[in-house]
Amino acid sequence: MPWKNQGGGPWGSGPKGPWGSGPQPVGPRPPDLEDLLRRGQDRLQQLLPGGYFSGVGITLILLIVLAFWLLSGFFRVQSEELGVVLRFGKHVRTVQPGLNYHLPYPIETVLLPKALRVSTISIGMTLIDDPTRRGRSIRDVPEESLMLTGDENIVDVDFTVLWRIKPDGVGDFLFNIQNPEGTVKAVAESAMREVIGRSQIQPILTGARNVTEQNVQELMQRTLDSYGSGILITQVQMQKVDPPAQVIDAFRDVQAARSDSERLQNEAQTYANQVVPQARGRAAQILQAAEGYKEQAVAEAKGQSARFLKVYDEYKKAPDVTRERIYLETMERVLGGSEKLVYDGGSSGQGVVPFLPLNELTPKRAPTPGQQSSGGTR
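Presented here is an overview of the structure given in this document. (Residues numbered from 1 in each chain as written. Predicted model: local features only at pLDDT ≥ 70, side-chain atom pairs only at ≥ 80, totals over all residues. Heavy atoms only, no water.)

Section: the packing of helix α5 (residues 180-197) against helix α7 (residues 209-227)
Under the convention used in this document: Helix axes use the C-alpha atoms of the stretch in contact, all axes being lines fitted to C-alpha atoms, and the angles between their N-to-C directions lie in the range 0 to 180 degrees. To qualify as a helix, a DSSP run of H or I must reach at least 4 residues; to qualify as a strand, a run of E must reach at least 2; elements of each kind are numbered from the N terminus. In this scheme, roughly parallel covers angles under 35 degrees and roughly antiparallel covers those over 145, while 65 to 115 is roughly perpendicular and the rest are oblique. Rotating anticlockwise by less than a right angle from the far helix to the near helix defines a left-handed crossing, while the corresponding clockwise rotation defines a right-handed one. Between two residues, a contact is recorded if the distance between any of their heavy atoms is within 4.5 Å.
Where α5 meets α7, the closest approach of the two axes is 9 Å, and the angle between their N-to-C directions is 135°. Here α5 lies oblique to α7, going by the angle between them. Taken as a pair, α5 and α7 cross one another with a handedness that is right-handed. Residues Thr183, Val184, Val187, Ala188, Ala191, Met192, Glu194, Val195 and Ile196 of α5 lie in contact with α7, whose contacting residues are Thr212, Asn215, Val216, Leu219, Met220, Thr223, Leu224 and Tyr227.

Here you go:
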């Protein structure tokens, strides 16, 4: 006999379990869905006079739906975003951060790109998770960083590009390029290789980093503008510029030798700058002294010549008087500064005679430049 024909199964009639009682309810019963729908319909009928399908009811329902549809056009733009409003897929305007409104879907839609955020792209290096250090470490990417310079040297360049969306180019950014980050990275690598290929390795490694960064930024901006990308390059930063790891030790030795050579040249130039002006000064002093002596000698010669001519003129007028005068002046110059002793020139044999000490009675005069000194006695 089947169990369903037995009155309550083998334990008797009624819905009883094996221990003589029926199933016990566990927790509150869930609400009945049909009951909820029926109650909602009753309340709606009370609010809508004349029933659902009356003209007033239909109009009220349509107004409520229209109000919700119109209210769906409100949207909020975050601080790093710009709102791009599309009307049937065409860009019509751009709105700033804050609460804004557009015509409800499907008339207008809005896109919210993070146009005010500055993004960063690294070329030649990448960040990887390092579980040993509990953080992230930098790994070199040689296929991106190794570049050939204009003097046929290889240099390892790691750099970072900072970029953002132009405020007036959000539409171009959304509709003209498909992969913005990949585009910026490819353009950055191409521009850096072009600038490095036109430069020498020595300026790149020493003092020309700022010039290289500026040239790369300008070249990237021109290329992206030609694409109509709507991207603005804010800065290019060169992180590491070194020769390849295989030759870096030898390159550093060359750099040290070049530095020593420049230092010695600077010291020699400093010494030359100190000695040459001194030698030129001494030479100028000697030339000026010689020029002064020349002028003095010429002037004295001219003076003596003029004096001789005047004396000669007077001699022609009175030869005897002039001859006597010249003799006396000459003797005065010769004997003026010498000691004088008077000897008896006779044959009396008395020896030295008393004399008058003329030199002690008159003050001694210094000899003139043209006067001859006599150390003997007369």
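Overview of the pattern of salt bridges
Definition in use: Salt bridge, as used here, is a side-chain nitrogen of Lys or Arg placed within 4 Å of a carboxyl oxygen of Asp or Glu.
Taken as a whole, this structure holds nine salt bridges when the rule is applied. One salt bridge connects Arg323 with Asp320, and the closest N-O pair in it is separated by 3.1 Å. Placement of both Arg323 and Asp320 in helix α9 (residues 319-335) is noted, with a separation of three residues, approximately one turn of the helix. Within the structure, one salt-bridge network assembled from shared partners comprises Asp156, Asp158 and Lys240.

Remarks on the nonpolar core
We count it as follows: Nine residue types can take part in a nonpolar core, namely buried Ala, Val, Leu, Ile, Met, Phe, Trp, Tyr and Cys, and a core is a set of them joined through side-chain atoms within 4.5 Å. Burial classes follow relative accessibility: with a 1.4 Å probe on protein chains only, a residue under 20% of its type's maximum area counts as buried, one over 50% as exposed, and anything between as partly exposed.
Membership of the largest hydrophobic core comes to 35 residues, with the highest contact counts inside it found for Val157, Phe159, Met192, Met220 and Ile233. Breaking this core down by element, the ones donating at least two residues are β2 (83-87), β6 (119-123), β10 (154-165), α4 (170-175), α5, α6 (201-205), α7 and β11 (231-242). If you tally residues by element for this core, the top one is α5, at seven residues.

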